[in-house]
Amino acid sequence: MARYLTAGAIAAALARETDEVFLVLLTLDHASLESPIRVVANTDDIVSNGLTYVAYPFEFVLPGDVADQTPQAQLSIDNVDRVIIEALRPLTSAPRVAVQVVLASAPDDVQLEVRDLVLRDVDFDVSTVTGVLAWEDPFERKFPAGKYTPSRAPGLFS
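Note on numbering: residues in each chain are counted from 1, in written sequence order. The predicted origin of the model limits local features to residues at a pLDDT of at least 70 and limits the giving and counting of side-chain atom pairs to 80 or more, whereas totals for whole chains, interfaces and linings rest on all residues. In computing side-chain properties, one takes all heavy atoms of the structure into account and sets aside hydrogens as well as water.

Details of the pattern of salt bridges
Here, a salt bridge means any side-chain nitrogen of Lys or Arg that lies within 4 Å of a carboxyl oxygen of Asp or Glu. Under the definition given, this model contains 1 salt bridge. Between Arg115 and Glu113 there is a salt bridge, with the nearest N and O atoms lying 2.7 Å from each other. Accessible area is worked out with a 1.4 Å probe on protein chains only. A residue is then buried under 20% of its type maximum, exposed over 50%, and partly exposed in between. Judged by relative accessible area, Arg115 falls into the partly exposed class, the value being 45%.

See the structure below:
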């Protein structure tokens, strides 16, 4: 996971004016999908690290820093040609989402990357598909993962 900014990204972020553009790449993936859905918030398709991201309007609101609350980002994707909703509608579990930020001038250099998010609470209407991006809730995991049986833990049964 990238946790640094390149010199060009820092210069662009700190400049009063710049021609540099930060692009957000979004990847939705699920075992039921034939291939991941890759979109970029841009007017032109982008190739980043050999993968093509299709220009598609979307936006997300970063999570706030609220005590005693799991951070969640809000995602809103335009429902212009129904590709996204037709892919999401038949899924029986939440798809995984990865977010990357790149510079338009250097799309292979990932400036920021957040992986292992899940898309939950998906809702849609004629114009938009909305949902919540969150990390998987650790309280929903089974614990302990295994069972204590005589063959796995004989000391407990003697």
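A look at the environment of Val61
If you trace the backbone, Val61 turns up in strand β5 (residues 58-61). Between the alpha carbons of Val61 and Ile84 there is a distance of 19 Å; along the sequence they are 23 residues apart. By definition, residues are in contact when any of their heavy atoms lie within 4.5 Å. Non-local contacts of Val61, meaning those with residues more than four positions away in its chain, are made with Ala73 and Gln74. Note on conventions: DSSP H or I runs of at least 4 residues are helices, E runs of at least 2 residues are strands, and numbering of each starts at the N terminus.

Details of unusual backbone geometry
The phi dihedral of Asp116 is positive, around 60°, even though this residue is not glycine. One non-glycine residue, Asp121, adopts positive backbone phi at about 50°. When you line up the elements, Asp121 lands in strand β8 (residues 106-124).

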